[in-house]
Amino acid sequence: MQEPQDRPSAALFAASEAAASANAPAPATVIEPVDETWARKTLSDLAFAHLKEQKSQRRWKIGTSLAWLSLFGFLFWQLFSFSFNAGVSQPSMDHTALVTVEGEIGPGTEASAENVMQSMRNALEDPGSKALVLLINSPGGSPVQAGLINDEITRLRALHNKPIYAVVEESCASAAYYIAAAADQIYVDKASLVGSIGVLMDGFGFTELMGKLGVERRLMTAGENKGFLDPFSPQTETQRQHAQAMLDQIHAQFIEVVKKGRGDRLKESPELFSGLFWSGQQAVDMGLADSLGSIDGVARDVVKAPDVIDYTQRENVAERFVKRFGVAVGEGSVRAMRSMGASLR
């Protein structure tokens, strides 16, 4: 009869044991001791790596700053020295002054009238220069630029009372000969190309091709000849005659300059002013040149001043950099203004 009473007590005992085990603290996690030597070494390595990176960054900044400073210093020195040499004529011993006319003759080139005329002025203003030699190697170019140089040669010769000679290397054609004709004497190499006394105006016409392709040219002008020389529009006979008249007039001016400069030395023939060019030896025979010679030979034997000083005004590294930098800045400004305008719309 007592068995039913023992069962509740057993259950109660089991419940109390479960509660006691639940409330018992969890076993502590065992933490292994840290190696203090390894920790100190790791922290030291990290600190040194950070310092090394900071030093490297400082060196890079200092190196970059010095590089920019050196660049601007070099550019300043180049510009200053060029301006000083171009604007101040230093007294010197007796010598032959040299000015080079090389490449295309035109505005914005090294053989522009501005550069060549300033170089000639600097050369003849030097009291040590006994004569000026124009060393020419050019296929020609602008008749306007050549005419300006031709007139300046005449003016400077009368102003300084010094002879001016032309020495031809590879070629002296068209506008280049326009310049040389003003010299007191012209010296050439036997294989030089000389002459081409003529004027040209060239272009293309695509009117028939456009018709075959079915392309229509839509050109609107105010003035019936405003589209003159447009390659996509037909050329009228009146326009052709007008262009030819201009060319003939410029050609006549060229011929007059050559005759004035060469005088009785010219041996005129039908081909002389036809636009043909000749070898240096032929040019001497025809009176277009005076003799065979080189810059050293003319300085030594004609001028009697063998020392040659070059007065040619050339664009230096600094000027090229400044011009390109200025163009880049200008283009960037234009693009920025256009983008601002587009955003405002």
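The model shown is predicted, which means the values in this text are computed figures rather than measured ones.

**Some details on the pattern of salt bridges**
Applying the stated criterion across every chain, the model contains 10 salt bridges. Between aspartate 184 and arginine 157 there is a salt bridge, with its nearest N and O atoms 3.6 Å apart. Of this pair, aspartate 184 sits in the loop between helix H5 (175–180) and strand E4 (185–188) while arginine 157 is found in helix H4 (residues 143–160), placing the two residues 27 residues apart along the sequence. Measuring nitrogen to oxygen at the nearest pair gives 3.8 Å for the salt bridge that ties glutamate 268 to lysine 259. Given a relative accessible area of 37%, lysine 259 falls into the partly exposed group. One continuous salt-bridge network, built from bridges that share partners, spans Arg121, Glu152 and Arg155.

**A look at the pairing of strand E1 (residues 95–102)**
With seven of eight residues buried, E1 lies mostly within the body of the structure. In this sheet, strand E2 (residues 129–138) lies alongside E1 in parallel orientation, the contact comprising eight bridges. Its bridge partner being in E2, glutamate 102 is matched across the sheet by asparagine 137. Examined bridge by bridge, E1 and strand E8 (residues 308–310) share three bridges and lie parallel to one another. Of the residues in E8, the one forming a bridge with leucine 98 is aspartate 310.

**Focus: the side chain of threonine 312**
Among the structural elements, threonine 312 can be located in the loop between E8 and helix H10 (317–344). Of the polar contacts made by the side chain of threonine 312, one reaches the backbone nitrogen of threonine 100; its length is 2.8 Å. Beyond its immediate stretch of four places on either side in the chain, threonine 312 contacts Leu98, Val99, Thr100 and Ser119.

**Looking at unusual backbone geometry**
We note that serine 174 has phi near 55 degrees; this positive angle belongs to a residue other than glycine. Residue placement: serine 174 occurs in the loop between strand E3 (164–173) and H5. A positive phi angle is found at lysine 304, which is not glycine, with a value near 65 degrees. Residue position: lysine 304 is located in the loop between helix H9 (295–302) and E8. Taking relative accessible area as the criterion, lysine 304 reaches 62% and is therefore assigned exposed.

**Description of a nonpolar patch on the surface**
A contiguous nonpolar surface patch, about 320 Å² in accessible area, is contributed by Ile62, Leu66 and Leu69. By the secondary structure assignment, isoleucine 62 is in helix H2 (residues 36–87).

**Here's the deal with the packing of aromatic side chains**
With the rule as written, the count across this model stands at two aromatic pairs. Taking the centre distance of 6.3 Å and the plane angle of 70 degrees together, the rings of tyrosine 165 and tyrosine 187 count as edge-to-face. Placement of tyrosine 165 in strand E3 and of tyrosine 187 in strand E4 is noted, with a sequence separation of 22 residues between them. You can call tyrosine 165 buried: its relative accessible area is 10%. Considering the side-chain rings of tyrosine 178 and phenylalanine 254, the 5.0 Å spacing of their centres and the 35 degrees angle between planes classify their relative orientation as tilted. Taken as a pair, tyrosine 178 in helix H5 and phenylalanine 254 in helix H7 (residues 237–262) lie far apart in primary sequence, 76 residues in all. The same class applies to tyrosine 178 as to phenylalanine 254, namely buried.

**Topic: the environment of glycine 280**
Inspection of the secondary structure assignment puts glycine 280 in helix H8 (residues 280–286). Note: C-alpha distance between glycine 280 and aspartate 189 (91 residues apart in sequence) is 5.5 Å. Ignoring sequence-local partners within four residues, the contact set of glycine 280 consists of Val188, Asp189, Lys190, Ala191, Ser192 and Val194.

**Some words on the confidence of the model for the chain**
Within the chain, residue pLDDT values average 80, and 74% of them lie at 70 or more. Within the model, pLDDT remains below 50 along residues 1–5, and this stretch shows zero contacts once partners closer than five positions in the same chain are excluded. Across residues 337–345, where pLDDT falls below 50, the model places zero contacts with residues more than four positions away in sequence or in other chains.

**Comments concerning helix H3 (residues 113–125)**
Between the first and last C-alpha of H3 there are 18 Å, a value that for 13 residues agrees with the 18 Å anticipated at 1.5 Å per step. Looking only at H3, the buried set comprises Ala113, Asn115, Val116, Met117, Ser119, Met120, Asn122, Ala123 and Leu124.

**Side note on H7**
Along its 26 residues, H7 runs 37 Å from first to last C-alpha, staying within 8% of the 38 Å computed at 1.5 Å per residue. Buried within H7 are the following residues: Gln239, Ala243, Leu247, His251, Phe254, Ile255, Val257, Val258 and Arg262. Remark: glycine 263 follows H7 within two positions and exhibits a positive phi of approximately 60 degrees.

**Digging into a negative patch on the surface**
A surface patch of like charges, here negative, comprises Glu102, Glu110, Glu169, Glu170 and Asp189. One can find glutamate 102 in strand E1. With relative accessibility at 47%, the residue glutamate 102 sits in the partly exposed group.

**Some details on the packing of H3 against H4**
It is at 9 Å that the axes of H3 and H4 come closest, and there the two elements cross at 10 degrees. In terms of orientation, H3 lies roughly parallel with respect to H4. When H3 is examined against H4, the residues Ala113, Val116, Met117, Met120, Arg121, Leu124 and Glu125 are found in contact with a partner set consisting of Gln145, Leu148, Ile149, Glu152, Ile153, Arg155, Leu156 and His160. Here the contact of H3 with H4 is built from residues that sort into nine nonpolar, two polar and four charged.

Criteria and thresholds
- Residues numbered from 1 in each chain as written.
- Predicted model: local features only at pLDDT ≥ 70, side-chain atom pairs only at ≥ 80, totals over all residues.
- Heavy atoms only, no water.
- Salt bridge = Lys/Arg side-chain N within 4 Å of Asp/Glu carboxyl O.
- Helix = DSSP H or I, 4+ residues; strand = E, 2+ residues; numbered from the N terminus.
- Buried < 20%, exposed > 50% of the residue type's maximum accessible area, 1.4 Å probe, protein only.
- Pairing = 2+ DSSP bridges.
- Polar contact = N/O pair within 3.5 Å; in protein donor to acceptor, adjacent residues only side chain to side chain.
- Contact = heavy atoms within 4.5 Å.
- Patch = residues over 30% accessible without salt bridge, like charges linked within 9 Å, V, L, I, M, F, W, Y side chains within 5 Å.
- Areas by Shrake-Rupley, 256 points an atom, 1.4 Å probe, with all protein chains shown as cover.
- Phe/Tyr/Trp six-rings, centres within 6.5 Å; stacked < 30°, edge-to-face > 60°.
- pLDDT = per-residue confidence, 0-100.
- Expected span 1.5 Å × (residues − 1).
- Lys, Arg positive; Asp, Glu negative; His and termini not counted.
- Charge placed at Lys NZ, Arg CZ, Asp CG, Glu CD.
- Axes fitted to C-alpha atoms, helices over the stretch in contact; angles between N-to-C directions.
- Parallel < 35°, antiparallel > 145°, perpendicular 65-115°, else oblique.
- Nonpolar A, V, L, I, M, F, W, Y, C, P; charged D, E, K, R; others polar.

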